[in-house]
Structure formats: structure tokens, C-alpha cells
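Each chain is listed here by its residues.
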Amino acid sequence: MRQLEILIAVSLVSAACSLLGPFLILRKMAMMIDSITHTILLGIVIAFFITKDLTSPLLIVGAGLVGILTVFLTELINQKTTLHEDASIGLVFPFLFSIAIILISKFLRGVHLCIDSVLVGEVAFSIIPRIEFFGYEMSKVIFVMAVIFLIDLIFIWFFFKELKISTFDKNLSLISGFAPVVIYYALMSLVSITTVGAFNAVGSILVISYMVVPSATAYLLTHDLKKMIFISVFTGVLSSILGFYTAHVYDLSIAGTIAIVNGLIFLLVFVFEPRNGIIKKILNENRKRVEFAEVTMMLHIINHENTERADIECNVVKINEHLCYAKNKFEKVLKNIVNKKFAYIENDIIKVTDIGREKTLDKFNEWMK
């Protein structure tokens, strides 16, 4: 039962984070997640000073407000100075996070607010706090993440058009009567709340992984936003299941193993994706090199056919003296153009077919455009 609860908890965390991730990837704000997952610690610390209770819901409120403050300060520095967003993040994130660390080390040494747990999480222990819901006892983290997931889903469902337009074209959003700034801060508020909810269970490292990696994987597979969201959530939940059972079998860190599985899934897609994967790109480059060699040979033959030097320039034995191909490459190219019926050999002379001439000139003209 405990293992099932852990699996449900990490799956809900992954689903909630992966819902919002695509919008952050498309807005080129992936590193903002790294910033928020660290700076919200300051909000937790300040809220604890007020409530003196680590279980108080005000901790979520405080963390969420600091998350929004992080976004606001980053945007302010970015807009009011010549610094780029990455530099703005680099200024705000260490500043707020360092304040939180100083406060913890100075005033909260006796409080169970471990910095290591903040980074890597304590998934196995996060399910221990219980709450009663309609007479049914359940893990608090499961309840919280289920509520956050539903809030995220409802927000995306009702404001999908506004999110989509403001993500891809802010000017169109303004013309259409939307307020891109409001949509932006609403989205970032949800990111902060989701991060806070996931924070206690899985730590900042896995939150970053969940927000960014499944969405990046989905981005490689499709450019349709709805499909991207679905693939992102599916990939996040899949990595949670595979990572959890791998960690259980080999007695590893659950959060760390899930993050690694997340990365491995991305790597597999990056390498094997059928349209733009590394292997596909390598095959395309090889195909283009072969195609270029074939067209070059065909153009050489076309330029010299029916001339006084045709017996020399188009001779199957002597032509490579002019093309300067390696022996294996020459034999392969010659075999290819013959097999494609672009050319044929007659009395050791390579002659071009009508279809070969047409295809070659079409390809050459295509390259010249």
C-alpha cells in the first residue's frame, strides 16, 4: 500500500508539472523553473516564521508569493536594463535563495527543514503526513497534488486559446483583446503553486526535471500544442513509473532515478526520433552526400556528351581522373546511377537516359534556387 501511494504521489507530481512545462518550453523560460524551485524556499522560511508550523497551508501561500516575486524581479531587470533574461535569472535566483539559506542556518537549526531534502526530496517519507477527506484517510501530498493537478488542468482547459495565442504572438494577443501580462502571471502563479506542492515530495531537482524534460521530449516529437501537452504528461508519468520500480529493485534514490529515466527517455527520442533524430540526420547527411556525388557525375556526363571529348570524359575507365572520387565512392556512385536508370554503359562509354537528364537538371535547378 505504501509503495502504491509513493507511485501515485510521484505520478501526480509529474502530471501536474508536465501540464505546464510545454508553455514554459515554448516561451523559452525553462531556466525560470530552476530559479523558482530554489527561491520559493525563502517564502517557506518567512511563512514558518509567522506560523511556527511546518504543516501550515500558509507555507504554500508564502512560497507561491515568492515564486511570483522571482518572476516579477526577473522581468523587471530584463525590461529595465540591457541584460538578457538568463542574466536576470542569474541575479535574482542566487540572491533570494541565499537569503533563505542564511535564515535557515542562523535561526532554524533545530527545525526539520533540511537543505538536502529541498534539493533531492524525500519521496518515501513525504506520504507519511495524513489527512482525512470525507471520512477517508489519505496521504496529504497525494491530496495536495491531486488538487493542484485539477487546478492546472482546468486552467489550461478554459484558457487554452489565450495561453496559445499569448505564447506564440503577444501582439496578436493584444489585438484580440487578451491581456498577455495577466495570462503570463496567471501561468507563472500556477507554476509557483505547482512547484511548491511538488517541492516537499520530490525536491527541486526532480521538479526541474518534470517541468522541463518531458516537455522537451514532446517538443521533439510534435509541434502541435495539444499533442505536445499530452505527450509531455504521458512521458512524465511513464518516467515516474519506470524510475520508481528501478529505484525499488536496485535500492536507489527515487527522485534521482526518476530524473535519470526522464533524461534517458529524452536521449532515446533525441537519437531515434524518425523525423529529426540524430540517426535520421546522419542518414540524411549521408544521402545528401551520395546524391551530390551522383548529380555531379551526371552533370559531368551531360556537359561532355556529344562533344569531341565524349570518348574520354565519359569513358567508364577515365572519367574518375576528372571527378577525383575515391575508388569505392566512384564504383558506388556509378552503380547507383545505372541502377536508377539515370545512365547506362555502352562500349565503355557512360550515356545519360532521358529520365536521368530530367531528374539531374531538376535537382540542379532546385539547388540553384
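Residues numbered from 1 in each chain as written. Predicted model: local features only at pLDDT ≥ 70, side-chain atom pairs only at ≥ 80, totals over all residues. Heavy atoms only, no water.

Caption draft 1: Fine view of the packing of helix α1 (residues 2-26) against helix α7 (residues 140-158). Closest axis-to-axis distance for the α1/α7 pair is 9 Å, and the angle between their directions is 25 degrees. One way to sum up the angle between α1 and α7 is to call them roughly parallel. Considering only the axes of α1 and α7, their crossing is left-handed. When α1 is examined against α7, the residues Glu5, Ile8, Ala9, Leu12, Val13, Ala15, Ala16, Leu19, Leu20 and Phe23 are found in contact with a partner set consisting of Val141, Ile142, Met145, Ala146, Phe149, Asp152, Leu153 and Ile156. The residue makeup of the contact of α1 with α7, split by class, is 16 nonpolar, no polar and two charged. (Axes fitted to C-alpha atoms, helices over the stretch in contact; angles between N-to-C directions. Helix = DSSP H or I, 4+ residues; strand = E, 2+ residues; numbered from the N terminus. Parallel < 35°, antiparallel > 145°, perpendicular 65-115°, else oblique. Left-handed = near helix turned anticlockwise from the far one by under 90°. Contact = heavy atoms within 4.5 Å. Nonpolar A, V, L, I, M, F, W, Y, C, P; charged D, E, K, R; others polar.)

Caption draft 2: Structural context of the packing of aromatic side chains. With the rule as written, the count across this model stands at six aromatic pairs. With a centroid separation of 5.2 Å and an interplanar angle of 35 degrees, the aromatic rings of Phe155 and Phe159 are classed as tilted. The class for Phe159 is partly exposed, based on a relative accessible area of 36%. Each ring, one from Phe266 and one from Phe270, has its centre 6.0 Å from the other, and the planes form 10 degrees; the classification is stacked. In this pair, Phe266 and Phe270 are both assigned in helix α12 (residues 254-272), four residues apart and thus about one turn of the helix distant. By relative accessible area, which is 28% here, Phe266 ends up partly exposed. On the basis of relative accessible area, Phe270 is assigned to the partly exposed category, the value being 37%. Just above the ring of Tyr325 sits the side chain of Lys329; from NZ or CZ to the centre is 4.6 Å. (Phe/Tyr/Trp six-rings, centres within 6.5 Å; stacked < 30°, edge-to-face > 60°. Buried < 20%, exposed > 50% of the residue type's maximum accessible area, 1.4 Å probe, protein only. Lys NZ or Arg CZ within 6 Å of the ring centre and 35° of its normal.)

Caption draft 3: Fine view of the pairing of strand β4 (residues 349-352). Pairing geometry for strand β3 (residues 343-346) and β4, over four bridges, is antiparallel. Considered in β4, the bridge of Tyr344 is made with Lys351. (Pairing = 2+ DSSP bridges.)

Caption draft 4: Geometry of the state of the cysteines. In the structure shown here, the tally under the stated rule is zero disulfides. Cysteine Cys314 remains unbridged, with the sulfur of Cys324 as its closest cysteine sulfur at 16 Å. Residue classification places Cys314 among the buried positions, given a relative accessible area of 2%. (Disulfide = S-S within 2.5 Å.)

Caption draft 5: Molecular detail of the environment of Phe244. Relative to the helices and strands, Phe244 is located in helix α11 (residues 225-250). Given the relative accessible area of 4%, Phe244 is considered buried. A C-alpha to C-alpha distance of 6.8 Å links Phe244 and Leu7, two positions 237 residues apart in sequence. Not counting the four nearest positions on each side in its chain, Phe244 is found in contact with Gln3, Ile6, Leu7, Ser239, Ile254 and Ile258.

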